[in-house]
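The primary structure of each chain is shown beneath.
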Amino acid sequence: MADHVDVLIVGAGLSGVGAAVHLQRDCPGKTYAVLEARDAIGGTWDLFRYPGIRSDSDMFTLGYSFKPWTDPKAIADGDSIRAYVRETAREHGVREHIRFQHRVARVEWDSASARWTVHAHRDDTGEDVVLTCAFLFTCAGYYRYDSGHTPEFPGVDRYTGPLVHPQHWPADLDWTGKRVVVIGSGATAVTLVPAMAERAGHVTMLQRSPTYVIARPSRDRLADVLRRRLPARAAYSVARWRNVLLGVANFQLSRRLPGLVKRFLRRAAEDRLPVGYDVDRHFSPRYDPWDQRICVVPDGDLFAAVDDGRASVVTDTIDTFTEDGIRLGSGAELPADIVVTATGLNLLALGGMTVTVDGAEVDLAGTVAYKGMMLSGVPNLAMTIGYTNASWTLKADLVARYVCRLLRHLDATGQQVVTPVAPDSGELAPLIDLRSGYVLRAVDRLPKQGPRAPWRLHQNYPRDLLLMRYGRLTDEGVRFSRTGASADAGQPTGTRRPTERTIPNA
């Protein structure tokens, strides 16, 4: 006999723990379980252990809406965030509902019974486990936990030193006094370089092209003042909303006046770098701000490391690895005792699980996302994908509370099934609207978003808050039904009409 719960949550990271707390608070009569593929709570914040690991979002927005962040640092390190997630799980009794080392392989929806059958593999015992649930809530993020992305570098087999990917950081790696080359220019690279430069002989960030980098204080002065004058929850709420609105304003300004924002970011970098530094070559990207995420460096630590000579930035291509380092396209040699490949992630939708609806396998790339959280033709399934231009948890909180609204609506109306329906017409766009390499490599395998609400969200938290917390539950993008009723909306599950076309990089 399979175990059965009302709601099954996949993932015990920041999103999954938050979803469980919201479910307990808003739907206290629902039974639930959490399946976690690894053996610990924390997700990303437990997996990544590389030097300097931290959030590039402030904790007043990355923290949960229901649990004030009380640590003095607003830009927090990975250990502090992991402890915060675990403390939340412990305080709310979520840990007792988590089944560790349960990796979900496939899920099967049956319309006759209005149930999901979930097939998981236990990595600790090797056995297969079957559970059923009425609603499936995936909070597994969107990248592969077991492998990061490393390009095929010419001559890499000749290199005799350690070659390390940040996603699999060796606990015993010692870089004290060593020459380190970090390949990459994204958030991971700009975190690693100043952290490793504290002990290394020298650290070089080798980038093919630059990324926008901006310094922010690691402490929030307004929040510090508010904490001294207001109750903790009130101070947290004010700081949270101030940072939300600043983030939305900065994003909108970047979209409408990209040239102005480019000049501001360039000047801000120039002010922190040595006189005469080639800012245009190393810190002025060709793309517009927020086509890719802007990298945040707390207290300008990357710029400080470059300014005092502990680190340097080289913008060039790799010709080949050598026994002792890397030869560049320009012909220059970079000696390296250690090479770190901060070259990105591999995306993986829904944690890699296979999804079938009434025996037909769902092609995720052929589905359209409803409110950024459900998939056309797939009943009683929600997924958490956070914002790309703001803190992940802002969106995760909205999704979790919306799922609870749906569950309460089903109970109140005597229905059991909620199924999104794809738009009748209009051009489709990628669900994740960034042009980062890790997104472009996987965009053809991911769900799409439609031309307008409710099939498109706008990376705007206040706007999404109104839609998802106060907007109608019954609209043109969703169908409610009872057990055994057909959930099909006139299209084969997981397919897209041939008259539609996808907008690349929209």
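For the structure itself, consult the block above.
Residues numbered from 1 in each chain as written. Predicted model: local features only at pLDDT ≥ 70, side-chain atom pairs only at ≥ 80, totals over all residues. Heavy atoms only, no water.

1. Here we look at the pairing of strand β2 (residues 32–36)
Consideration 1: Of all five residues in β2, five are buried; the element is thus mostly enclosed.
Consideration 2: Judged by which residues are buried, β2 turns out to be covered on both faces: Tyr32, Val34 and Glu36 on one side and Ala33 and Leu35 on the other are all buried.
Consideration 3: As paired strands, strand β1 (residues 3–10) and β2 are joined by four bridges and run parallel to one another. Bridge pairing links Val10 to Leu35 in β2.
Consideration 4: As judged from the three bridges shared by β2 and strand β3 (residues 98–100), these two strands associate in the parallel manner. Pairing of Glu36 across the sheet is with Phe100, part of β3. (Buried < 20%, exposed > 50% of the residue type's maximum accessible area, 1.4 Å probe, protein only. Helix = DSSP H or I, 4+ residues; strand = E, 2+ residues; numbered from the N terminus. Pairing = 2+ DSSP bridges.)

2. Details of the environment of Trp455
Consideration 1: Inspection of the secondary structure puts Trp455 in the loop between β24 (448–449) and α13 (461–470).
Consideration 2: On a C-alpha basis, the gap between Trp455 and Met374 in space is 9.5 Å, while along the polypeptide they are 81 residues apart.
Consideration 3: When residues no more than four places from it in sequence are discounted, the contact partners of Trp455 are Val368, Ala369, Tyr370, Lys371, Val421, Ala422, Pro423, Gln449, Gly450, Glu476 and Gly477.
Consideration 4: A polar atom in the side chain of Trp455 sits 2.7 Å from the backbone oxygen of Val421. (Contact = heavy atoms within 4.5 Å. Polar contact = N/O pair within 3.5 Å; in protein donor to acceptor, adjacent residues only side chain to side chain.)

3. Things to note about unusual backbone geometry
Consideration 1: A cis amide bond links Ala453 to the next residue, Pro454, at an omega of 10°.
Consideration 2: Inspection of the secondary structure assignment puts Pro454 in the loop between β24 and α13.
Consideration 3: Positive phi outside glycine occurs at Gln101, with the angle close to 55°.
Consideration 4: Along the chain, Gln101 turns up in the loop between β3 and β4 (102–110).
Consideration 5: Residues other than glycine seldom take positive phi values, yet Trp290 does so here, at roughly 75°.
Consideration 6: Tracing the sequence through the fold places Trp290 in the loop between α9 (279–283) and β11 (295–298).

4. Some points on the sheet that holds strand β19 (residues 368–370)
Consideration 1: A sheet is described by the order of its strands in space; here four strands give the open sequence β20-β19-β24-β23, paired in mixed fashion. One side of each edge strand has no neighbouring strand; the edge strands of this open sheet are β20 (374–375) and β23 (429–430).
Consideration 2: Across two bridges, the pairing between β19 and β20 is antiparallel. Pairing of Tyr370 across the sheet is with Met374, part of β20.

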